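Coordinate analysis (summary)
The residues making up each chain are set out below.
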Amino acid sequence: MTRVLFYVQHLMGVGHVFRAMRIVKALTAAGIAVDMAYGGEPIPNFAANGARVHFLPPVRAVGEAFNKLEDASGNPLSDDYKDRRRDMLLGILEATRPDIVVTEAFPFGRRQMRFELLPLLAAARQMDPRPILLSSVRDILQETGRIDKDRETIGYLQSLFDHVLVHGDPGLVRLERTFPLAHEIGDKVLYTGMVVPDEPHGGAQDETYDVVVSVGGGALGRKLVMAAAAAKRHSVLRDARWCIVTGLRFSEEDRADLQAHLSGDVILRRFLPDLPSVLARARLSISRAGYNTVADICAAGCRAVVVPLSDGIETEQIRRAEILAEKGLAVTVSHERETPEHLAAAIGSAMDAPPPDRSRINLDGARNTARILADLTAGRSVERYR
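First, a word on what this report is: a plain description of the structure on this page.

Re the overall build of the protein chain
Counting secondary structure elements, the protein chain contains eleven helices and 15 strands. What you see for the protein chain is a C-alpha radius of gyration of 21 Å, in line with the 21 Å of a compact globule of 386 residues. Viewed in the frame of its principal axes, the protein chain has a C-alpha envelope of about 65 × 45 × 40 Å. The proportion of buried residues among the 386 residues of the protein chain is 54%. Within the protein chain, counting contacts between residues at least 6 apart in sequence, those at least 24 apart form 75% of the total.

Re the side chain of Thr 96
Along the chain, the position of Thr 96 falls in helix α2 (residues 79-96). Looking at Thr 96, its side chain comes within polar contact range of the main-chain oxygen of Ile 92, at 2.7 Å. Reaching out from Thr 96, the side chain makes a polar contact with the backbone oxygen of Leu 93 at a distance of 3.5 Å. Here Thr 96 is in contact with Arg 3, Asp 35, Arg 52 and His 54, once residues within four sequence places are set aside.

Structural notes on the sheet that holds strand β2 (residues 33-38)
Here seven strands make up an open sheet; going across it, the order is β3-β2-β1-β6-β7-β8-β9 and the pairing parallel. The outermost strands of the open sheet, each flanked by one partner alone, are β3 (52-55) and β9 (189-191). The average undirected angle you get between the axes of adjacent strands in this sheet is 25°. Pairing of strand β8 (residues 163-167) with β9 involves three bridges; the strand directions are parallel. The residue of β9 that forms the bridge with Val 166 is Tyr 191. In the packing of helix α3 (residues 114-125) onto the sheet, contacts are made with β1 (3-8), β6 (100-104) and β7 (132-138), and the angle to β6 comes to roughly 165°. In the packing of helix α11 (residues 365-378) onto the sheet, contacts are made with β1, β6, β7, β8 and β9, and the angle to β8 comes to roughly 165°.

Regarding the pattern of salt bridges
A side chain with one charge can pair with a side chain of the opposite charge if their charged atoms come near. Taken as a whole and judged by the stated rule, the model has 36 salt bridges. Of the charged contacts in the structure, one is a salt bridge between Arg 384 and Asp 375, with a shortest N-O distance of 2.8 Å.

Some remarks on the environment of Gly 50
With respect to the helices and strands, the residue Gly 50 is situated in the loop between β2 and β3. With 23 residues separating them along the chain, Gly 50 and Leu 27 place their C-alpha atoms 8.9 Å apart.

Let's talk about helix α10 (residues 340-352)
Compared with the 18 Å implied by 1.5 Å per residue over 13 residues, the 18 Å span of α10 between its first and last C-alpha is a close match. Considered for burial, the residues of α10 that qualify are Leu 343, Ala 344, Ala 346, Ile 347, Gly 348, Ala 350 and Met 351.

Regarding the sheet that holds strand β12 (residues 266-269)
Spatially, six strands are ordered β12-β11-β10-β13-β14-β15 in an open sheet, and the strand pairing comes out parallel. The two strands at the open ends of the sheet, each matched to only one other strand, are β12 and β15 (331-332). Where strand β13 (residues 284-287) lies against strand β14 (residues 303-306), four bridges are found, and the strand directions are parallel. Residue pairing for β14: Ile 286 is matched across the bridge by Val 305.

Section: the nonpolar core
Core analysis: the largest hydrophobic core is formed by 60 residues, its most contacted members being Phe 6, Leu 134, Val 212, Ile 372 and Leu 373. Take this core: its biggest share by element is seven residues, from helix α1 (residues 15-29). Contact partners of Leu 373, with chain neighbours within four places excluded, come to Val 4, Leu 27, Ile 32, Ile 100, Leu 134 and Leu 165.

Here's the deal with α2
When the terminal C-alpha atoms of α2 are compared, their 26 Å separation across 18 residues agrees well with the 26 Å that a helix rising 1.5 Å per residue should span. Buried within α2 we find Tyr 81, Arg 85, Leu 89, Ile 92, Leu 93 and Thr 96. Down the axis of α2, the buried set is contained in an arc of 115°. They therefore lie on one face. Pointing more than 90 degrees away from the buried face of α2 are the exposed residues Asp 79, Asp 80 and Ala 95. The first or second residue beyond α2 is Arg 97, which carries a positive phi of 45°.

Re the packing of aromatic side chains
Tallying each qualifying case throughout the model produces six aromatic pairs. Put simply, the rings of Tyr 38, Phe 46 and Phe 55 touch in pairs and so form one group of aromatic residues. Across the ring face of Phe 115, the terminal group of Lys 82 is positioned such that the distance to the ring centre comes to 5.4 Å.

Calculation criteria
- Residues numbered from 1 in each chain as written.
- Predicted model: local features only at pLDDT ≥ 70, side-chain atom pairs only at ≥ 80, totals over all residues.
- Heavy atoms only, no water.
- Helix = DSSP H or I, 4+ residues; strand = E, 2+ residues; numbered from the N terminus.
- Rg over C-alpha atoms; globule rule 2.2 N^0.38 Å.
- Buried < 20%, exposed > 50% of the residue type's maximum accessible area, 1.4 Å probe, protein only.
- Contact = heavy atoms within 4.5 Å.
- Polar contact = N/O pair within 3.5 Å; in protein donor to acceptor, adjacent residues only side chain to side chain.
- Pairing = 2+ DSSP bridges.
- Axes fitted to C-alpha atoms, helices over the stretch in contact; angles between N-to-C directions.
- Salt bridge = Lys/Arg side-chain N within 4 Å of Asp/Glu carboxyl O.
- Expected span 1.5 Å × (residues − 1).
- Core = buried A, V, L, I, M, F, W, Y, C linked by side-chain atoms within 4.5 Å.
- Arc of directions from axis to C-beta.
- Phe/Tyr/Trp six-rings, centres within 6.5 Å; stacked < 30°, edge-to-face > 60°.
- Lys NZ or Arg CZ within 6 Å of the ring centre and 35° of its normal.

By themselves these figures say nothing about function.
Written out as structure tokens, the structure reads:
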């Protein structure tokens, strides 16, 4: 049996974890044994999906500063804490002796974790037999604007990794769009398709809404939630049934403020455990443009209005929204126009247009990842995934 060691570390958002969970579910369904090294704080609705999970001492970002790390008690990360994690990770590698090691995001991201990832990869390369080393990344990367960082990434890829799993459809967007040195690793890149949830399978039938507003974890979703709530009374769907999913990190103060702005038939939820199934019964989704949210929308097939997150630094959601608009797959509202009036107009545009045709997008990313790993361990060609 093929054995995989899958390293996953979330620092702020949890989208990486849920994408990894979907991949792990496909791997175990294909008969691949998975050990997951999990380095973030516990999150609601985390599911091992057949993997054996090794919980490392938690690490998180300090506030919104990705370059500052702290432990679960809020203390700055000490050298002893780092050494403890590194040693645990090396112990997991030795105990599991995997055929494949997958690092989620690194080296394109998670550079803060080099203190444990570089020793892990170095140790893996010294094993006999040596495991295949893979980097797992989403289709659209955060653009650094710094050639030195991109060059560092290339150095790690060329010296440490065998392949890069890009979880996207190259017909929609190729890695070159957001990683300018992608041509230097063309021989390593394998496109899996988008990692989407399993086909919607019902869920509670009373969870049926015409419009679903969602903002992921909710930490940076207040502005969109408030604008959407205010847009309802001005939109063509003013009389429809709405559900606003605020996210778990939406404060009680903000929730009280939101209640005062609601009109008509609106249900407030902090979290929907089966959001893809609810979206599959909806007429319209209003959301940010994160990877998992867009994957859920594509799988559900509903119309969509997307408003990318922008904090002056992050570019990933802006690029994804641009691509969706270019392809006619969603109506996009720029972050500069995140107002009730512009949202109401976007809702009208989305409902007036024909349903978006997303049938050509490869949405089989999780199962294709399992097929790629099986092909690699069996020595079969993976050229069809270039």
